[in-house]
Amino acid sequence: MIDYGGDMAEKEYIVIEEAATIIAELKNKYPKILWAVEPSSVVTLGITNKEPPEGKKQPRRMAQIQKISPIMRAVLFHHGIHVIYTIEINMVDWMGWGPARRQWILLHEVSHIPALNEGGLVKHDVEDFAFMIEAEGVDWAIKENLPDLIHGDTYKFNEALVTRLHMKDEYVLEENADKK
Ligand SMILES: [Zn+2]
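Before going into details, it helps to say that this report is about the structure given with it. What you see is a predicted model, and the numbers here were worked out from it, not measured in a lab.

On to the overall build of the protein chain, then. Along its length, the protein chain carries six helices and four strands. Helices and strands appear in the protein chain in the N-to-C order β-α-β-β-α-β-α-α-α-α. Counting the 180 residues in the protein chain, one finds 25% classified as buried. Across the protein chain, contacts joining residues at least 24 apart in sequence account for 78% of those joining residues at least 6 apart.

This is how it looks when you write it as C-alpha cells:
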C-alpha cells in the first residue's frame, strides 16, 4: 500500500547540490568513520511538490537512502553517471534545517552504505547507529544545538562502533525500513 498523503501527484525532485558538498566534506574530515562511502556515488534529491508526512511516531523519518535498482544503474552507467545511492529529503524539511542538522542527517544516511557495493544497505545496529547515539543521544535528530561537524573541532566519534557495523557476516537489506 502506497501512502500518497492524500495527494496523488507524482513526487517531483531537485538535486540538492549542497548535500554533495557536505557529504564530501564529512568524508574528508571523518575518513575513519566514512571509509565505506564514495561521495560521488550518492545523489541527494529534494521533494519539491509535497509537504513532509505527518508523523505519528517521533522522531518521524526525515530522510531515506535507497540503492538504485540494477537496471537503472546500468542505464546511468551507460551515460557515464556512476550513481549508486539516492537520499530523498523533503525540501520543506531541508530548508528548515541549519547547517549542523543537515550534516548529522546526511551522516546518518550515508552510514547505511556498505563497505562493498554488494547486497543491500547497512542496517541500524540499535534502531539507529550506535556511534551517533553515543555521540549525541537517542534523540539527536530532534536535538537543539547539535555541534557543527565540519566547521567546528573534529568530533570524537567512537570509531570502533563504526568498524563493528561492517564486521557482520552479511549485510541485511534495509531498502525501505528507515525511520530517520
Ligand atoms: Zn537510517
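All right, on to the sheet that holds strand β1 (residues 13-15) then. Taken in spatial order, the four strands make up an open sheet running β1-β2-β4-β3, and their pairing is mixed. Strand pairing shows two members of the sheet lacking a second neighbour, β1 and β3 (64-67), which therefore form its edges. Strand-to-strand, the axes of this sheet are offset by a mean angle of 30 degrees, without reference to chain direction. Relative to strand β4 (residues 85-90), strand β2 (residues 42-47) runs parallel, the two being bridged by six bridges.

To continue, consider the nonpolar core. The biggest cluster of nonpolar side chains holds 33 residues, and the ones touching the most others in it are Ile23, Leu26, Ile87, Leu106, Leu107 and Val110. Looking at this core, the elements that each hand over two or more residues are α1 (17-29), β2, β4, α4 (99-110), α5 (130-136) and α6 (159-165). Residues within four places of Ile87 in sequence aside, it is in contact with Ala19, Val42, Thr44, Leu45, Ala63, Ile65 and Glu109.

Below, the discussion takes up the environment of Met167. If you trace the backbone, Met167 turns up in the segment after α6. On the neighbour-count criterion, Met167 (8 C-beta atoms within 10 Å) is exposed. The sequence separation of Met167 and Ala115 amounts to 52 residues, and the corresponding C-alpha distance is 9.6 Å.

Quick look at the environment of Ala141 now. With respect to the helices and strands, Ala141 occurs in the loop between α5 and α6. Put simply, Ala141 and Trp104 are 37 residues apart on the chain and 7.6 Å apart in space, counted from C-alpha to C-alpha.

Moving on, we come to the environment of Leu76. Position of Leu76 among the secondary structure elements: in helix α2 (residues 70-78). A count of 15 C-beta atoms within 10 Å places Leu76 in the partly exposed class.

In this section: α4. Between the first and last C-alpha of α4 there are 17 Å, a value that for twelve residues agrees with the 16 Å anticipated at 1.5 Å per step. Where burial is concerned, most of α4 is hidden: nine out of the twelve residues are buried. Taken together, the buried positions of α4 are Arg102, Gln103, Trp104, Ile105, Leu106, Leu107, His108, Glu109 and Val110.

On to the packing of α1 against α4, then. Relative to each other, α1 and α4 sit at 75 degrees, their axes nearing to 10 Å. Relative to α4, the element α1 is oriented roughly perpendicular. When α1 is examined against α4, the residues Ala19, Ile22, Ile23 and Leu26 are found in contact with a partner set consisting of Arg102, Gln103, Leu106, Leu107 and Val110. Its residues assigned to classes, the contact of α1 with α4 shows seven nonpolar, one polar and one charged.

Moving on, we get to α2. Little of α2 sits out of view: just zero of its nine residues are buried. After α2 finishes, the residue Gly80 shows a positive phi value of roughly 80 degrees.

Our next topic: the pairing of β2. Two elements, β1 and β2, share three bridges in a ladder whose sense is antiparallel. Looking across to β2, one finds that Ile14 is bridged to Gly46.

Moving on, we get to unusual backbone geometry. In this structure, Asn145 is a non-glycine residue whose phi angle is positive, near 55 degrees. Considering the arrangement of structural elements, one finds Asn145 in the loop between α5 and α6.

Next up on the list: the pairing of β3. Here β3 shows one buried face, formed by Ile65 and Lys67, and one open face, formed by Gln64 and Gln66. Relative to β4, β3 runs antiparallel, the two being bridged by four bridges. By the bridge assignment for β4, Gln64 is matched with Glu88.

Calculation rules
- Residues numbered from 1 in each chain as written.
- Predicted model: local features only at pLDDT ≥ 70, side-chain atom pairs only at ≥ 80, totals over all residues.
- Helix = DSSP H or I, 4+ residues; strand = E, 2+ residues; numbered from the N terminus.
- Buried ≥ 20, exposed ≤ 12 C-beta atoms within 10 Å, placed from the backbone.
- Contact = placed C-beta atoms within 7 Å.
- Pairing = 2+ DSSP bridges.
- Axes fitted to C-alpha atoms, helices over the stretch in contact; angles between N-to-C directions.
- Core = buried A, V, L, I, M, F, W, Y, C linked by C-beta atoms within 7 Å.
- Expected span 1.5 Å × (residues − 1).
- Parallel < 35°, antiparallel > 145°, perpendicular 65-115°, else oblique.
- Nonpolar A, V, L, I, M, F, W, Y, C, P; charged D, E, K, R; others polar.

This is a description of form; function is not addressed.
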